[in-house]
Amino acid sequence: MSNPQNTVPGPIGIFDSGYGGLTILHQIKQLLPQYDYLYLGDNARTPYGTRSFEVVYEFTLEAVEKLFSMGCNLVILACNTASAKALKTIQQNDLKRMTTLKKVLGIIRPTAECVDKLTHSRHVGILATDGTIKSGSYPLEIHKLYPDITVTGEACPMWVPLVENYEFDSPGADYFVQKRINNLLRKDPEIDTIILGCTHYPLLINKIMKYTPRNIKLVPQGEYVAYSLKSYLERHHEIEELCTKKGSCRFLTTESPEKFKESASVFLRKHIEAERVTLEKV
């Protein structure tokens, strides 16, 4: 297939406000190891979860533009807050002003698509950051696909700090995890499926499983996002042809590379190298 716009192929960009997107990257690389990846964490300005729609959109657009400028033609917003507060505007407004063939995808829609096959009671719970819960993005996306499913959310403001301060397996984490799960199930006792709507939460999975009844399915996002991306590339050959395939992966951060490497090793369980970049308003 020809490339009518003569766009130069490049790596797949993966963006997150911090480290949580590394859990998405890990699952994508497991399924699609042949592609090149460029991960960007806006660690200097994390967390995004408590910020306004306007600020999250501004920061996310800066990151997307940066990844585009570094050769990415496809960018995955591996951040629920960015997907909730910025994706739609970027897709509908900003991409239209660009002449080259570039795409930006989020992680909420792929997660929403999977719940129909998982829930029997048709009652689904969402555990996420305050920003993601307040955005209403999960109920909106799920109801577009499955209007009969009842969706109930619970914000978990302490969960990300627990992960980023390496307290996710500590005894002190139990209180905060149990409290939020109990709150969610009190709101709707019929819930049989819970979406972990933040990319940090897989690191809390041992605590989450401890306080979640065994009959309830837990849905970490990484695997579903990875399979959704695979399907997307199979269906959009014009985009797939613009993704280079040397199996490489680079890491960028807006914070200290040393700090990023230390924290990233917790998420990826291996040593990586990182480079510092700055983001500017477009």
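Right above here is the structure, for reference.
Before going into details, it helps to say that this report is about the structure given with it. (Residues numbered from 1 in each chain as written. Predicted model: local features only at pLDDT ≥ 70, side-chain atom pairs only at ≥ 80, totals over all residues. Heavy atoms only, no water.)

## Considering the sheet that holds strand 10 (residues 275–276)
Then, number 1: Reading across from one edge, 4-3-1-2-9-10 is the order of the six strands in this open sheet, with parallel pairing throughout. Whereas interior strands pair on both sides, the edge strands pair on one side only; in this sheet they are strand 4 (103–105) and strand 10.
Then, number 2: Note: strand 1 (residues 12–16) against strand 2 (residues 37–41), five bridges, orientation parallel. Within the sheet, the bridge partner assigned to Phe15 lies in strand 2 and is Leu40. (Pairing = 2+ DSSP bridges. Helix = DSSP H or I, 4+ residues; strand = E, 2+ residues; numbered from the N terminus.)

## Re helix 9 (residues 171–187)
Then, number 1: Its 17 residues place the ends of helix 9 26 Å apart at the C-alpha level, agreeing with the 24 Å of an ideal helix rising 1.5 Å per residue.
Then, number 2: Buried within helix 9 we find Ala173, Asp174, Val177, Ile181, Asn183, Leu184 and Leu185.
Then, number 3: The inward-facing, buried residues of helix 9 abut strand 5 (123–128), strand 6 (150–155), helix 8 (159–164), strand 7 (193–197) and helix 10 (205–211). (Expected span 1.5 Å × (residues − 1). Buried < 20%, exposed > 50% of the residue type's maximum accessible area, 1.4 Å probe, protein only. Contact = heavy atoms within 4.5 Å.)

## Here we look at the side chain of Asn43
Then, number 1: Residue position: Asn43 is located in the loop between strand 2 and helix 2 (53–69).
Then, number 2: In this view, Asn43 contacts Ser17, Gly18, Tyr19, Thr253, Thr254, Glu255 and Phe260; residues no more than four positions away in its chain are not counted.

## Remarks on the pattern of salt bridges
Then, number 1: A full pass over the atoms with the stated rule returns 19 salt bridges.
Then, number 2: Note that Glu62 is salt-bridged to Arg45, the shortest N-O span being 2.9 Å. In this pair, Glu62 is assigned in helix 2 and Arg45 in the loop between strand 2 and helix 2, connecting sequence segments 17 residues apart.
Then, number 3: In this structure, Asp174 engages Lys210 in a salt bridge whose closest nitrogen and oxygen atoms are separated by 2.8 Å. On the criterion of sequence distance, the pair formed by Asp174 in helix 9 and Lys210 in helix 10 is long-range, its members being 36 residues apart.
Then, number 4: The class for Lys210 is exposed, based on a relative accessible area of 55%.
Then, number 5: When salt bridges that share partners are traced, they join Arg109, Glu113, Glu141 and Lys144 into one network. (Salt bridge = Lys/Arg side-chain N within 4 Å of Asp/Glu carboxyl O.)

## Focus: the side chain of Lys85
Then, number 1: Along the chain, Lys85 falls in helix 3 (residues 80–85).
Then, number 2: The charged side chain of Lys85 is buried without a salt bridge, its nearest counter-charge being Asp130 at 6.8 Å.
Then, number 3: In contact with Lys85, not counting residues within four places along its chain, are Gly49, Arg51, Ser52, Phe53, Val56, Tyr57 and Gly131. (Lys, Arg positive; Asp, Glu negative; His and termini not counted.)

## Describing the packing of aromatic side chains
Then, number 1: Under the defined criterion, the tally for this structure stands at nine aromatic pairs.
Then, number 2: Relative to Phe251, the ring of Tyr39 has its centre 6.2 Å away and its plane inclined at 50 degrees; by these criteria the two rings are tilted. Taken together, the positions of Tyr39 in strand 2 and Phe251 in strand 9 (residues 249–253) put the pair 212 residues apart, joining distant regions of the chain. Phe251 carries the same exposure label as Tyr39, and that label is buried.
Then, number 3: An aromatic cluster is present here, built from Tyr19, Tyr39, Phe251, Phe260 and Phe267 joined pairwise through their rings.
Then, number 4: In this structure, Arg45 packs its charged tip against the face of Phe59, placed 3.6 Å from the ring centre. (Phe/Tyr/Trp six-rings, centres within 6.5 Å; stacked < 30°, edge-to-face > 60°. Lys NZ or Arg CZ within 6 Å of the ring centre and 35° of its normal.)

## Focus on the sheet that holds strand 5
Then, number 1: With respect to topology, four strands assemble into an open sheet ordered 6-5-7-8, the strand pairing being parallel. At either margin of the open sheet sits one strand with a lone partner, and together these are strand 6 and strand 8 (217–219). The sheet shows a mean angle of 20 degrees between the axes of neighbouring strands, taken without regard to direction.
Then, number 2: Across three bridges, strand 7 lies against strand 8 in parallel orientation. Among the inter-strand pairings, Ile194 is bridged to a residue of strand 8, identified as Leu218. (Axes fitted to C-alpha atoms, helices over the stretch in contact; angles between N-to-C directions.)

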